[in-house]
Amino acid sequence: METLTTVAALRERVRAWQTEGLRVGFVPTMGFLHAGHGSLMALARPRCDRLVVSIFVNPLQFGPNEDLSRYPRDLAGDERLCAAEGVDVVFAPTDFYPPDRATTVAVAGLTEGLCGAARPGHFDGVTTVVARLFGVVQPQLAVFGEKDFQQLAVIRRMTTDLGLPVEIVGGPLIRDPDGLAMSSRNTYLSADERSRALSLSAALRAVVNAATAGERDVDTLRAAGRAALQVDRLDYFEIVDPGTLAPLATLDRPARVLVAGWIGRTRLIDNMAVPWI
Ligand code: AMP
């Protein structure tokens, strides 16, 4: 495994692979990697000949008052995890954007609700970085986690709309044994905050359990979930169509329940599939 830190070096490596006809797989990340990221690498590994993981804390997807400057970093630890997952190249660029970059990629519709409403401009930052990463890495396959369920839908839309020759694969959300969705941001949590953070997955499970027991009214389902939450501030708690992300009034199809909330200064997100029986 090698770590490449410039766009030029990565391009040169990719060009060599292309002349050999090798299939390139790609997992984009912001680093401070955990087993959730590792699971995406494990999904990609058997589906490609060469596997690239990018580690880039993308300033474009952070709002002015968000945690860009304190976002956790640990390149040495990230390299160990990547090596263990059989990654060929860690791409940790120091020169990612052209200094005179003038292009923004924006997906309409899917980005308007949920995290898009709570974090204005966030998804433009995500689609702009992923479009450029796809241009530089030129993967045939890219894996994204269902942890960021709306992001996965937005990336699929962008890839289809721009006709990009990349197969998008979604990987399941990985949790700690106590149910907390793994996240690089969990490192911000104190012991007390971490125990309150468990209320996010507990609230989602309450919805899933009520739906499994036959409840169909979405207001009732949401109330069952929200009663379990111990967040300091709630951004949203919604039950949506998993394709369009439009809120449902009645559970009349398989759905997704998604939550975003603040525990102290830390914003956490989580989601689960809601069965329709
Ligand atoms: P991040 O480094 O947080 O930007 O995430 C990079 C990729 O890893 C995204 O596709 C995330 O959805 C995915 N990811 C992050 N946490 C998890 C998790 N707990 N389970 C599965 N995928 C995850």
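The structure we're discussing is the one just above.
Residues numbered from 1 in each chain as written. Predicted model: local features only at pLDDT ≥ 70, side-chain atom pairs only at ≥ 80, totals over all residues. Heavy atoms only, no water.

### Regarding the site of the ligand
Filter applied, for reference: Whether a residue is near a molecule or strand depends on its heavy atoms: if one lies within 4 Å, it is near. For this analysis, a polar contact is any N or O atom pair within 3.5 Å, provided that within protein one partner can donate a hydrogen and the other can accept it, and provided that sequence-adjacent residues contribute only side-chain to side-chain pairs. Here the Shrake-Rupley method, with its probe set to 1.4 Å, supplies the accessible areas, and only the displayed protein chains count as covering residues. A run of H or I in DSSP counts as a helix once it spans at least four residues, and a run of E counts as a strand once it spans at least two, with each numbered from the N terminus.
Residues in close proximity to the ligand total 16 residues, the closest being H37, G145, D148, I174 and M182. Between the ligand and H37, the relevant distance is 2.9 Å, taken from an oxygen atom to a side-chain nitrogen or oxygen of the residue. The contact in question runs from a nitrogen atom of the ligand to an N or O atom on the backbone of I174, over 2.9 Å. Alone, the ligand offers 480 Å² of accessible surface; in the complex the protein occludes 93% of this. Mapped by element, the contributors of at least two residues to the shell around the ligand are β2 (24–29), α2 (35–44) and β5 (141–145).

### Considering the packing of helix α1 (residues 7–19) against helix α5 (residues 122–137)
Threshold: Helix axes use the C-alpha atoms of the stretch in contact, all axes being lines fitted to C-alpha atoms, and the angles between their N-to-C directions lie in the range 0 to 180 degrees. What sets the label is the angle itself: under 35 degrees gives roughly parallel, over 145 gives roughly antiparallel, 65 to 115 gives roughly perpendicular, and the rest give oblique. In what follows, residue pairs with any heavy atoms lying within 4.5 Å of each other are defined as contacts. Any residue outside Ala, Val, Leu, Ile, Met, Phe, Trp, Tyr, Cys, Pro, Asp, Glu, Lys and Arg is labelled polar, Gly included; the first ten of those are nonpolar and the last four are charged.
At a closest axis distance of 9 Å, the pairing of α1 and α5 adopts a crossing angle of 50 degrees. As far as their axial angle goes, α5 and α1 are oblique. Each of V7, L10, R11 and V14 in α1 lies in contact with α5, whose residues at this interface are R132, G135, V136 and V137. Considering only residue class, the contact of α1 with α5 consists of 5 nonpolar, 1 polar and 2 charged.

### As for the layout of surface pockets
Inclusion rule: As defined here, a cavity is a set of points on a 1 Å grid over the protein atoms alone where a 1.4 Å probe fits but cannot get out. A pocket is an open set with protein on both sides within 12 Å along at least five of seven lines, and residues line them when an atom is within 4 Å of a point. Grid points are joined across faces, edges and corners, and a volume is the space filled by probe spheres set on the points.
Its volume calculated, the second largest pocket comes out at about 240 Å³. Together, 17 residues line the second largest pocket, and I55, F56, V57, R73 and P93 are the ones closest to its centre. Here the residues of the lining of the second largest pocket sort into 11 nonpolar, 2 polar and 4 charged.

### Observations concerning unusual backbone geometry
If you check the backbone angles, Q138 has positive phi at about 50 degrees while not being a glycine. Looking at the element boundaries, Q138 is found in the loop between α5 and β5. Within the chain, L245 stands out as a residue other than glycine whose phi angle is a positive 65 degrees. With respect to the helices and strands, L245 occurs in the loop between β7 (233–240) and β8 (255–263).

### A closer look at the pattern of salt bridges
What counts, and what does not: By convention in these notes, a salt bridge is any Lys or Arg side-chain nitrogen within 4 Å of a carboxyl oxygen on Asp or Glu. Relative accessible area decides the class of each residue, using a 1.4 Å probe on protein chains only: under 20% of the type maximum gives buried, over 50% gives exposed, and in between gives partly exposed.
Applying the stated rule across the entire model yields 17 salt bridges. For R194, the salt bridge goes to D178, with nearest N and O atoms at 2.6 Å. Of this pair, R194 sits in helix α7 (residues 191–212) while D178 is found in the loop between β6 (167–171) and α7, placing the two residues 16 residues apart along the sequence. Overall, R194 belongs to the partly exposed group, its relative accessible area being 26%. With a closest N to O distance of 2.7 Å, R267 and D235 form a salt bridge. Of the two residues, R267 is situated in strand β9 (residues 266–274) and D235 in strand β7; the sequence distance between them amounts to 32 residues. Its relative accessible area of 13% is what places R267 among the buried residues. The exposure class of D235 is partly exposed, given its relative accessible area of 23%. Connected via shared salt-bridge partners are D176, D178 and R194.

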